[in-house]
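# An overview of the molecular structure
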Amino acid sequence: MSKGVKPVSRIVGLGVSYPDNIMTNQDLEKIVETNDEWITTRTGIKERHLVKRGERTSDFCIRAAREALAEAGIAAEELDAIILGTISGDLRFPATATLIQEAIGAKNAAAWDISATCSGFMFSLYSADTLIAANRAKNVLVLGAELLTPITDWSDRGTCVLFGDAAGAAVVTRATDDRGVLSVVIGSNGSYTDLLYCVGHGTSSKGELAALNGERVIHMNGNEVFRHAVRMLERTAKEAVEKAGLDPADVDWLIPHQANTRIIAATAERLGLPMEKVFLNIHKYGNTSSASVPLAMYEARKEGALRDGQVMLSVVFGGGFTWGGAVIRF
Ligand code: UT7
């Protein structure tokens, strides 16, 4: 019997989708006063995928969902729930999850979106694990998807170099042995709204945000967010590992939210994990918000890095603030 608690749920299929269109750091040099050297050393990003006009969040979700279901060997009709973490859905309403439901034919599933910024996938995974533990669902499709580049201020070099567009999906079902989600934790602190937000179509009519009404772009105080992120990622990682009944030394892979290589390196160091145990793909995609963890998990599996029986730790942090972590044995 493996070390650690007995899992309730398990990921049995993963899928991803992202736009073909690539923007390199050199391309960005033509838009704002920046350079490849600054972006690479300060963030780890070399290129990102950008949505084209007419492409929608649901388009990428549907492709990712179909791939995840195919790997899982589960039919869409067998899904009890579809939970999508996104702050950039197709429409103000209905939930983008319902558009996915219709497209894949998941007629027995309840479908809803969760707004938790970069922690959206983790919040959705938490919900799936909880539903399965409570016997309220057997098979749940969990997604994280974001098209952030249409809500990026392309004149702000502090944010426009960071983001990319993508979708990731996971089919979560009941665990039958020691493989699965050993722990999943989430949290929020609404004291820091002014450090990372987007007014967009919100109904805020009072206070400072009202002055910005009509704006549709992301605002971030990167420096401050960085500081909070490192602190919370360490704390959340330790909580997730403890709840899993493991020690950091039992972790084979750290697969964190891909926001900044320096944040990730600082987190790994605080956990005593060498960088060889850290899976990075930020150089290819930038910060894809709620899609970043399923996208990194997917690539870690496809590349043969994250093997059957190995334990991965994931931690995320985003606007809200929101955060979360999970320990999963594959
Ligand atoms: O995913 C959700 C959570 N989000 C995050 O985790 C993001 C957290 N923050 C970060 O990743 C980093 O704070 C950034 C990458 C956004 C910025 O890196 P930094 O090391 O914190 O840079 P800074 O904001 O302190 O700026 C340092 C300098 C400034 O110039 P001065 O004032 O020292 O002359 C900036 O104006 O770098 C300048 N700068 C740039 N220079 C070239 C800022 N952006 C750029 C740029 N190119 N793109």
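Up top is the structure.
As the structure is a prediction and not an experimental result, all values here were calculated from the model. (Residues numbered from 1 in each chain as written. Predicted model: local features only at pLDDT ≥ 70, side-chain atom pairs only at ≥ 80, totals over all residues. Heavy atoms only, no water.)

## Considerations on the overall build of the protein
The secondary structure content of the protein amounts to 11 helices and 13 strands. For a compact globule of 330 residues, the expected C-alpha radius of gyration is about 20 Å, and the protein comes in at 19 Å, within 12% of that figure. The principal-axis extents of the C-alpha atoms in the protein amount to approximately 55 × 45 × 40 Å. A fraction of 76% describes how many contacts in the protein between residues 6 or more apart in sequence connect residues 24 or more apart. Across the protein, the centroid of the 34 positively charged side chains sits 3 Å from that of the 39 negatively charged ones. (Helix = DSSP H or I, 4+ residues; strand = E, 2+ residues; numbered from the N terminus. Rg over C-alpha atoms; globule rule 2.2 N^0.38 Å. Contact = heavy atoms within 4.5 Å. Lys, Arg positive; Asp, Glu negative; His and termini not counted. Charge placed at Lys NZ, Arg CZ, Asp CG, Glu CD.)

## Considering the side chain of T173
Residue placement: T173 occurs in strand 7 (residues 166–174). Leave out the neighbours within four places in its chain, and T173 touches V8, S9, R10, V12, I132, K138 and N139.

## A word on unusual backbone geometry
Here the amide bond leading from F93 into P94 is cis, since omega sits at 5 degrees, within 30 degrees of zero. Along the chain, P94 turns up in the loop between strand 4 (81–85) and helix 4 (96–104). Following G320, the chain continues to F321 via a peptide bond in cis, the omega torsion being -15 degrees. Inspection of the secondary structure puts F321 in the loop between strand 12 (311–318) and strand 13 (322–329). The backbone of T117 shows a phi angle near 45 degrees, a positive value even though the residue is not glycine.

## Here's the deal with helix 2 (residues 36–43)
Restricting attention to buried positions, one finds in helix 2 the residues D36, I39 and T43. Looking down the long axis of helix 2, one finds its buried residues gathered within 85 degrees of arc, a one-sided arrangement. Next to the buried residues of helix 2 lie helix 1 (25–29), strand 3 (47–49), helix 9 (261–271) and helix 10 (282–285). One or two residues past the end of helix 2 sits G44, with phi positive at roughly 90 degrees. (Buried < 20%, exposed > 50% of the residue type's maximum accessible area, 1.4 Å probe, protein only. Arc of directions from axis to C-beta.)

## Overview of the sheet that holds strand 12
Strands sit in the order 8-13-12-11 across an open sheet of four strands; the sheet is mixed. Two strands bound the open sheet, and with one partner strand each, they are strand 8 (180–188) and strand 11 (253–254). In terms of strand pairing, strand 8 meets strand 13 through eight bridges, oriented antiparallel. Paired with S183 across the bridge in strand 13 is V327. Set on the sheet, helix 8 (residues 222–243) makes contact with strand 8, strand 12 and strand 13; between it and strand 12 the angle comes to about 145 degrees. (Pairing = 2+ DSSP bridges. Axes fitted to C-alpha atoms, helices over the stretch in contact; angles between N-to-C directions.)

## Observations concerning the environment of M232
Structurally, the position occupied by M232 is in helix 8. Residue classification places M232 among the buried residues on the basis of a relative accessible area of 9%. Setting aside residues no more than four positions away along its own chain, M232 makes contact with F317 and W323.

## Re the nonpolar core
Residues L246, L254, L313, F317 and V327 are the most contacted members of the largest nonpolar core, which totals 43 residues. Looking at which domains feed residues into this core, each of domain 1 (9–177) and domain 2 (182–329) gives three or more. Other than its neighbours up to four places away in sequence, F317 contacts C118, S119, V225, H228, A229, M232, L233, H257, T322 and W323. Counting residues in each nonpolar core, the second largest holds 39 residues, with L125, V172, A291 and A296 among its members. (Core = buried A, V, L, I, M, F, W, Y, C linked by side-chain atoms within 4.5 Å. Domains from an automatic or database assignment.)

## Some points on the pairing of strand 1 (residues 9–17)
When you tally the buried positions in strand 1, you get seven out of nine residues, the bulk of the element. Here eight bridges tie strand 1 to strand 7, and the two strands are oriented antiparallel to one another. Residue L14 lies in a different strand from strand 7, and its bridge partner there is A170.

## A short note on the site of the ligand
Taken together, the neighbourhood of the ligand is formed by 22 residues, with T34, R42, N223, N260 and N287 sitting nearest. Contact between the ligand and W38: an oxygen atom at 3.3 Å from a side-chain N or O atom of the residue. At a separation of 2.9 Å, an oxygen atom of the ligand approaches a polar side-chain atom of H257. Burial of the ligand by the protein chains amounts to 72% of its free accessible area of 950 Å². Elements supplying a minimum of two residues to the shell around the ligand: helix 2, helix 6 (157–160), helix 8 and helix 9. Counting residues per element, the shell around the ligand draws most heavily on helix 8, at four residues. Of the residues contributing to the shell around the ligand, the split by class is 10 nonpolar, eight polar and four charged. (Near = heavy atom within 4 Å. Polar contact = N/O pair within 3.5 Å; in protein donor to acceptor, adjacent residues only side chain to side chain. Areas by Shrake-Rupley, 256 points an atom, 1.4 Å probe, with all protein chains shown as cover. Nonpolar A, V, L, I, M, F, W, Y, C, P; charged D, E, K, R; others polar.)

## Re the pattern of salt bridges
Applying the stated rule across the entire model yields 12 salt bridges. In this structure, D59 and R56 form a salt bridge, with 3.0 Å as the shortest nitrogen-oxygen distance. The class of R56 is partly exposed, set by a relative accessible area of 46%. (Salt bridge = Lys/Arg side-chain N within 4 Å of Asp/Glu carboxyl O.)

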